[in-house]
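The primary structure of each chain is shown beneath.
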Amino acid sequence: MNKTQITMLMAAALHLNVAAQEEQFQDMSDPLAVYTQLGGGITDKGLNLKIGQTYDTGSETNMAMNIIEVKGVGGEWLGIRDDNNALYQGVDNAVDSLRFRNFQVETTNGRGTQIDINVNLDKETMDASYSLIQALPKWGPVQLYPLAGVGVTMQNDAENGYEVPGAFSALGFYGKVTVSENVWINYNPLWLTTISGSDEYKNGYYGNESNILTHEFAISYQISSRANIRYFANWNEKVNASDGDHRIEFNYQL
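To start, this report covers the structure provided alongside it. Treat the numbers as computed from the prediction; the structure is a model and nothing was measured.

Here the focus is the overall build of the chain. Looking only at helices and strands, the chain features three helices and 13 strands. Taken across its 254 residues, the chain has 34% of its residues classed as buried. For the chain, restricting intrachain contacts to residue pairs at least 6 apart in sequence, the fraction spanning at least 24 positions comes to 49%. In the structure as shown, the chain presents an accessible area of about 14400 Å², 58% of it carried by carbon and sulfur atoms.

This part covers the nonpolar core. The biggest cluster of nonpolar side chains holds nine residues, and these are Leu-32, Val-34, Met-65, Ile-67, Phe-103, Val-105, Ile-133, Tyr-145 and Leu-147. Mapped by element, the contributors of at least two residues to this core are β3 (62-73), β4 (97-106) and β7 (142-157). Setting aside chain neighbours within four positions, we find Ile-133 in contact with Leu-32, Phe-103, Gly-110, Arg-111, Gly-112, Gln-114, Tyr-145, Pro-146, Leu-147 and Tyr-174. If you look at the next biggest cluster of nonpolar residues, it comprises six residues, including Phe-168, Ala-170, Tyr-201 and Ile-212.

We now examine the pattern of salt bridges. Counting across every chain of the model gives eight salt bridges. One salt bridge connects Glu-249 with Lys-50, and the closest N-O pair in it is separated by 3.2 Å. Here Glu-249, found in strand β13 (residues 245-253), pairs with Lys-50, found in strand β2 (residues 46-55); they are 199 residues apart in sequence, far enough to count as distant. In this structure, Glu-249 and Lys-50 share a single accessibility class: buried. For Asp-116, the salt bridge identified is with Arg-99, shortest N-O distance 2.8 Å.

With phi around 55°, Glu-124 is a residue other than glycine that occupies positive phi space. Looking at the secondary structure, you find Glu-124 in the loop between β5 (111-120) and β6 (125-134). You can call Glu-124 partly exposed: its relative accessible area is 38%. A positive phi angle, near 65°, is found at Asn-208, a position not held by glycine. Following the sequence through the fold, Asn-208 ends up in the loop between α3 (199-204) and β11 (211-222). Residue Asn-208 is classed as exposed on the basis of its relative accessible area of 67%.

On to the side chain of Ser-129, then. Along the chain, Ser-129 falls in strand β6. Given a relative accessible area of 16%, Ser-129 falls into the buried group. Ignoring anything within four residues of it in the chain, the contact list for Ser-129 reads Gln-114, Ile-115, Asp-116, Val-150, Gly-151 and Phe-168.

Moving on: the environment of Thr-43. Secondary-structure assignment places Thr-43 in strand β1 (residues 37-43). C-alpha of Thr-43 to C-alpha of Ile-248: the two residues are 205 residues apart in sequence and 6.5 Å apart in space. Of note is the side chain of Thr-43, whose polar atom sits 2.9 Å from the backbone nitrogen of Lys-45. Among the polar contacts listed, one links the side chain of Thr-43 to the backbone oxygen of Gly-46, at a separation of 2.7 Å.

This next bit is on the packing of aromatic side chains. With the rule as written, the count across this model stands at three aromatic pairs. With 6.3 Å between their ring centres and 75° between their planes, Phe-173 and Tyr-187 make a pair best called edge-to-face. Taken together, the positions of Phe-173 in strand β8 (residues 161-178) and Tyr-187 in strand β9 (residues 183-187) put the pair 14 residues apart, joining distant regions of the chain. For the pair Tyr-201 and Tyr-205, a centre-to-centre distance of 4.8 Å together with 35° between the ring planes defines the contact as tilted. When its relative accessible area of 3% is taken as the criterion, Tyr-201 is described as buried. Within the aromatic cluster, the residues linked to one another by ring pairs are Tyr-201, Tyr-205 and Tyr-206. When the ring centre of Phe-232 is taken as origin, the NZ or CZ atom of Arg-247, which lies over that ring, is 3.9 Å away.

Thresholds applied
The residue numbers shown here count from 1 along each chain, following its written sequence. Reporting in this predicted model follows two pLDDT cut-offs: at least 70 for local features of residues, and 80 or more for side-chain atom pairs to be given and counted; totals over whole chains, interfaces and linings ignore these cut-offs and use all residues. Side-chain descriptors were evaluated using all non-hydrogen atoms of the structure, hydrogens and water having been removed beforehand. Counting from the N terminus, the helices are DSSP H or I runs at least four residues long and the strands are E runs at least two residues long. Any residue under 20% of the maximum accessible area for its type is buried, any over 50% is exposed, and the rest in between are partly exposed; the area is computed with a 1.4 Å probe on protein chains only. Contact criterion: two residues are considered in contact whenever any of their non-hydrogen atoms come within 4.5 Å of each other. Throughout, the Shrake-Rupley method with a 1.4 Å probe supplies accessible areas, and for residues the shown protein chains are the sole cover considered. Note on terminology: a nonpolar core comprises buried Ala, Val, Leu, Ile, Met, Phe, Trp, Tyr and Cys residues joined through side-chain atoms within 4.5 Å. Note on definitions: salt bridges are taken to be side-chain nitrogens of Lys or Arg within 4 Å of carboxyl oxygens of Asp or Glu. Whenever two N or O atoms come within 3.5 Å, that pair is a polar contact, provided that in protein one can donate a hydrogen and the other can accept it, and provided that, for residues adjacent in sequence, both atoms are side-chain atoms. Any pair of Phe, Tyr and Trp rings, taking the six-membered ring for Trp, is counted once the centres come within 6.5 Å. Such a pair is stacked with planes under 30 degrees apart, edge-to-face with planes over 60 apart, and tilted for the rest. Two conditions define a charge located above a ring, namely a distance within 6 Å from the ring centre to NZ of Lys or CZ of Arg, and an angle within 35 degrees of the ring normal.

Any functional reading would require information beyond the geometric quantities listed.
Okay, here's the thing in structure tokens:
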């Protein structure tokens, strides 16, 4: 074997090795993708930090991860916005909220489950829910992932301390539109409604209403197999898009 042939074989082996490494990375545009990750972003209420870690479920077809998010760090220092409407209180430097998610997906049928715990430190409330998510077949560049779940609310009452005032249900979907190989758009509506509990909770938990429709829009750019940058906007039927939450987020797959 001459030097040219050896060089060609080495180049081919290197190409296959790089390709194999690329295949190890999950599709970060897929709402059901499971991967270890680090993320951070700047919002109009402060800085957000995120860390996600996969773990072994004992099944070759079941993938899982835990994600922890810390939101609203240093909002007053950044001085971006001071919003005092009914749903969004004044901005300060303290952490506004925490979020923990346990996410599992069965790769054989595209079905996911999610435990989602949101803690609002300003209002001293916590919403904990369990949801099912199902990937539907693609329709051209569009793919939908319907979601349905139930949850409970815990809050700190001035007179009674911590209590569970009621339960709620959630119904919605994740929607993805593929624009190009590196660009995609998401639209994720979610309808929340109280289903049991005290009269005050059932009739007024969602901005003095028993239910609310929330919206999330995102546009994302995949920088590399490991990294992307995303812009998010969140609002609802009581708060228009311009007054809602806005953030730019960077995510890195480990």
